[in-house]
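Topology and contacts: notes
Each chain is listed here by its residues.
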Amino acid sequence: MDLSFLTVQVLSALRQAAFLFLISSGLTLIFGVLNILNFAHGALYMLGAYFVYALTLHLTGPAGFLIAVLAAPLGVALIAVVIETGLLRRIYAQEEIYQLLLTYALVLIIDDLAKIVFGPEFKSIPKPEILSGSATLFGGTVPVYTILVVVLAPAVALLLWYLLYRTKTGKVVRATSSDREMADALGINMSVLFTLVFAFGAVLAGLGGALAGPVRTVFPGVGTEVIIESFVVVVIGGLGNLWGALIGSILIGSLETIGIIVFPEFEMSLIYLLMVAVLVVRPWGLFGRPLKVKALSEKNLAMEAQEISPVHFSVHPLLRWAPLLLLLLVPLFAGRFYQYLLTQIFIASLMAIAFNLLLGTTGLLSFGQAAFFGVGAYTVGLLLTKGGFATLPALLLAPVAAGVAAGVVGFFCVRLSGVHFAMLTLAFGQLIFTVAYKWYGMTGGDNGIQGIPVEPIPLGGLGSLDLGSNQAMYYFVLAVVGLAVALLRRFRSSPFGATLKAIRENGQRASFLGLNIHLCQWTAFVVAGAFTGLAGGLFALMEKSISPEIIHWSKSAEPVFMTIIGGIYTFAGPAVGAVVYVILNSYIVAWTENWALVLGLVLLTLVLLLPGGVVGFVNEKARQTLGKLGCIRKWSFSKSETS
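Residues numbered from 1 in each chain as written. Predicted model: local features only at pLDDT ≥ 70, side-chain atom pairs only at ≥ 80, totals over all residues. Heavy atoms only, no water.

The next subject is the overall build of the chain. When helices and strands are counted, the chain shows 28 helices and four strands. What you see for the chain is a C-alpha radius of gyration of 26 Å, in line with the 26 Å of a compact globule of 643 residues. Principal axes of the C-alpha set define a box for the chain whose edges measure 80 × 60 × 50 Å. Out of the 643 residues in the chain, the part that is buried amounts to 53%. Intrachain contacts of the chain at a sequence separation of at least 6 include 79% that bridge at least 24 residues. (Helix = DSSP H or I, 4+ residues; strand = E, 2+ residues; numbered from the N terminus. Rg over C-alpha atoms; globule rule 2.2 N^0.38 Å. Buried < 20%, exposed > 50% of the residue type's maximum accessible area, 1.4 Å probe, protein only. Contact = heavy atoms within 4.5 Å.)

In terms of nonpolar packing, the biggest core is built from 200 residues, with Leu-350 and Met-423 touching the most fellow members. Every residue in contact with Met-423, bar those within four places of it in the chain, is listed here: Leu-37, Phe-231, Val-235, Met-275, Leu-279 and Phe-367. (Core = buried A, V, L, I, M, F, W, Y, C linked by side-chain atoms within 4.5 Å.)

It is worth spelling out the pattern of salt bridges at this point. Here the structure, examined in full by the defined rule, presents five salt bridges. Of the charged contacts in the structure, one is a salt bridge between Asp-112 and Lys-115, with a shortest N-O distance of 3.5 Å. Residue Asp-112 and its partner Lys-115 are located together in helix H4 (residues 96-118), separated by three residues, close to a single helical turn. Across the pair Glu-558 and Lys-555 runs a salt bridge, and its minimum N-O distance is 3.2 Å. Placement of both Glu-558 and Lys-555 in helix H25 (residues 553-566) is noted, with a separation of three residues, approximately one turn of the helix. For Glu-558, a relative accessible area of 18% corresponds to the buried category. Classification of Lys-555 as buried rests on a relative accessible area of 16%. (Salt bridge = Lys/Arg side-chain N within 4 Å of Asp/Glu carboxyl O.)

Position of Gly-567 among the secondary structure elements: in the loop between H25 and helix H26 (573-591). A C-alpha to C-alpha distance of 20 Å links Gly-567 and Gly-529, two positions 38 residues apart in sequence. In this view, Gly-567 contacts Asn-356, Gly-573, Pro-574, Gly-612 and Gly-613; residues no more than four positions away in its chain are not counted.

Only one face of strand S2 (residues 140-143) is buried: it carries Gly-140 and Val-142, and the other face, with Thr-141 and Pro-143, is open. In this antiparallel pair of consecutive strands, strand S1 (residues 134-137) and S2, the connection spans two residues, and Phe-138 shows a positive phi of 50 degrees. (Pairing = 2+ DSSP bridges.)

It is worth spelling out helix H3 (residues 61-86) at this point. In this model H3 runs 37 Å from its N-terminal to its C-terminal C-alpha over 26 residues, within 8% of the 38 Å that 1.5 Å per residue would give. Among the residues of H3, those classed as buried are Gly-64, Phe-65, Ala-68, Val-69, Ala-72, Pro-73, Val-76, Ala-77, Ala-80, Ile-83 and Glu-84. Those residues of H3 that are buried lie in contact with helix H2 (41-56), H4, helix H5 (129-132), helix H6 (144-166) and helix H9 (190-212). (Expected span 1.5 Å × (residues − 1).)

With 93% of its residues at a pLDDT of at least 70, the chain reaches an overall mean of 84. Counting contacts from residues 295-306, a segment whose pLDDT is below 50, to residues more than four positions away or on other chains yields 26 contacts. pLDDT under 50 marks residues 308-312. Its contacts with residues more than four places away, or in other chains, come to 17 contacts. (pLDDT = per-residue confidence, 0-100.)

Right, let's get into the environment of Leu-106. Relative to the helices and strands, Leu-106 resides in helix H4. Here Leu-106 falls in the buried class, since its relative accessible area comes to 6%.

Right, let's get into the state of the cysteines. The full count for this structure, using the stated rule, is zero disulfides. Free of any disulfide, Cys-413 has its nearest neighbouring cysteine sulfur in Cys-520, separated by 17 Å. Owing to a relative accessible area of 0%, Cys-413 belongs among the buried residues under this scheme. (Disulfide = S-S within 2.5 Å.)

For the rest of this paragraph, the subject is the packing of H3 against H9. Close contact between H3 and H9 brings their axes to 7 Å; oriented N to C, the two are set at 140 degrees. In this structure, H3 meets H9 at a crossing whose hand is right-handed. On the side of H3, the interface is formed by Val-69, Ala-72, Pro-73, Val-76, Ala-77, Ala-80, Val-81, Ile-83, Glu-84 and Thr-85, while H9 contributes Phe-194, Thr-195, Phe-198, Ala-199, Ala-202, Val-203, Gly-206, Leu-207, Ala-210 and Leu-211. Considered class by class, the residues forming the contact of H3 with H9 number 16 nonpolar, three polar and one charged. (Axes fitted to C-alpha atoms, helices over the stretch in contact; angles between N-to-C directions. Left-handed = near helix turned anticlockwise from the far one by under 90°. Nonpolar A, V, L, I, M, F, W, Y, C, P; charged D, E, K, R; others polar.)

Here the focus is a nonpolar patch on the surface. A cluster of nonpolar side chains, Leu-3, Leu-6, Val-10, Leu-14, Leu-137, Phe-138, Ile-247, Ile-250, Leu-251, Leu-286 and Phe-287, forms an exposed patch at the surface whose accessible area comes to about 900 Å². When contributions to the nonpolar patch are tallied by element, the ones reaching two or more residues are helix H1 (3-34) and helix H11 (242-261). With four residues, H1 is the largest single contributor of residues to the nonpolar patch. (Patch = residues over 30% accessible without salt bridge, like charges linked within 9 Å, V, L, I, M, F, W, Y side chains within 5 Å. Areas by Shrake-Rupley, 256 points an atom, 1.4 Å probe, with all protein chains shown as cover.)

So, in structure tokens, the structure goes:
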């Protein structure tokens with residue numbers, strides 16, 4: 001291989017690694033001390049780039065550029081202090097999922113605020129003339145700015161090492177990272193320490209954005225792309241480990257460069273393959289250590305108590321069919337738009353309820369559920385467009401294919417727990433996404449599959465069911481989703497469902513009782529994946545076109561939102577959340593361009609004020625009201641039949 005070519009590629013890989021290290025080192029530092037996987041870290045990176053852009057509009061020349069690069073991270077740190085003291089501090093005692101949801105809501109808010117302040121256009125940041133040239137190294141022409149970044153990143157790494165290992169504050173930070181309870185008992189002011197660490201992590205993210213801005217385009221949402229790569233780095237290196245972040249950055253930077261040169265078709269898949277391999281072989285990363293995973297009941301007894309409902313509504317059996325009767329009558333007075341909107345809600349409800357079989361029932365947070373939604377959708381799309389299948393057989397095979405995929409993925413995932421489980425599902429989900437995105441010969445690549453033919457479904461001697469109209473599709477989806485939800489409810493209320501709840505509350509105690517924990521979790525994983533695939537199959541029939549975006553990790557966030565909005569510990573909660581989410585999403589998009597800002601504020605409000613979700617809030621208020629009226633007594637408390 002030509003030495004000049006090799007030099008250019010190596011420096012290109014090291015530059016990419018340098019950017020990743022600056023971002024991921026802050027992310028892993030925050031996780032190590034605060035135990036938070038901060039989704040908003042990418043948004044802070046974006047703000048660093050935007051601040052440099054704004055400052056360089058007024059400060060010119062090398063000195064102005066230097067001032068901008070130094071001032072931008074400080075501005076990001078001030079915003080981080082506001083976030084930590086005003087928001088994060090309120091939910092440290094909550095489960096990880098609420099922290100993830102709050103930081104994701106911040107991503108939506110910050111991205112849209114950046115769009116309002118700086119505009120939706122792509123921005124380019126000019127470099128001073130002294131940094132715009134190139135130099136010759138071993139025969140290769142290398143930009144001066146690349147050399148500067150490659151030299152600067154190790155300097156920052158050395159500075160971090162000195163601060164953490166040679167200063168008193170650094171020793172306090174490391175002690176807190178190792179044993180938070182002991183550090184608290186020794187009198188360390190944890191509130192101040194948390195604020196300082198979060199702000200320092202934000203400085204690193206802002207510095208990464210400030211340095212990357214001049215060589216990358218800056219636009220609202222750029223942090224969302226970066227944060228996933230940063231997650232990959234910290235997971236591979238080891239959560240909370242600084243040296244792990246450094247080695248992980250070099251590995252990912254090198255792998256991306258090799259992928260572009262040698263395997264351009266699989267370039268996106270390589271980093272997720274590496275992430276899967278590391279998590280399967282060494283779940284705590286190359287340089288990490290096993291994390292202490294607490295049982296759900298140890299983390300938040302108040303949330304666990306929500307499943308114990310004292311409110312039992314006694315209604316006439318016929319009244320239970322009233323909602324279904326109402327839904328059957330809707331098409332008689334609702335137009336095509338509302339029929340389409342309700343069909344969307346049915347599919348979203350099925351996906352959310354199936355997802356909550358993992359989260360609310362089993363205590364497993366999956367970040368890759370969209371993968372099974374996509375497998376179901378692509379199964380229907382491929383069988384109808386290329387396989388020559390009829391509509392109903394294709395739809396019936398969707399949950400089968402998704403269940404098989406979930407069986408394979410779940411075999412590896414259920415061996416892990418907590419954050420590691422979530423990260424492995426994310427890695428598998430992104431791996432399936434990259435396959436669908438790049439496999440043009442089979443999936444159509446980024447174009448997806450268009451014009452899916454939906455033939456009438458024969459009904460024996462009763463003719464056929466034509467799904468060509470919105471009304472017919474509405475009734476068909478209502479029937480399929482209704483049957484699927486009834487099966488899921490039966491599954492959750494069965495003795496096996498009670499076993500899953502016992503595992504969720506305390507897996508160690510359940511294993512002492514002789515339960516095969518992994519087998520039970522794997523079964524729940526497969527069932528949840530199969531029903532999610534059925535939702536994907538219905539989606540393909542309804543939309544008649546699919547694209548890889550339905551598998552992207554951001555799609556996996558939707559059932560999480562719906563479940564949190566409705567309530568984790570109730571069966572109906574995710575369906576209620578789906579109603580709220582789809583309606584909000586549809587009407588906010590039509591009402592304002594800044595729909596992400598409004599949605600983020602709604603999510604933020606729900607996380608802070610209604611941690612039990614809408615159904616949990618209504619249930620709690622009903623319990624209080626009926627208690628005051630003397631309609632319930634303490635001895636009548638028992639597990640709710642509908643929980």
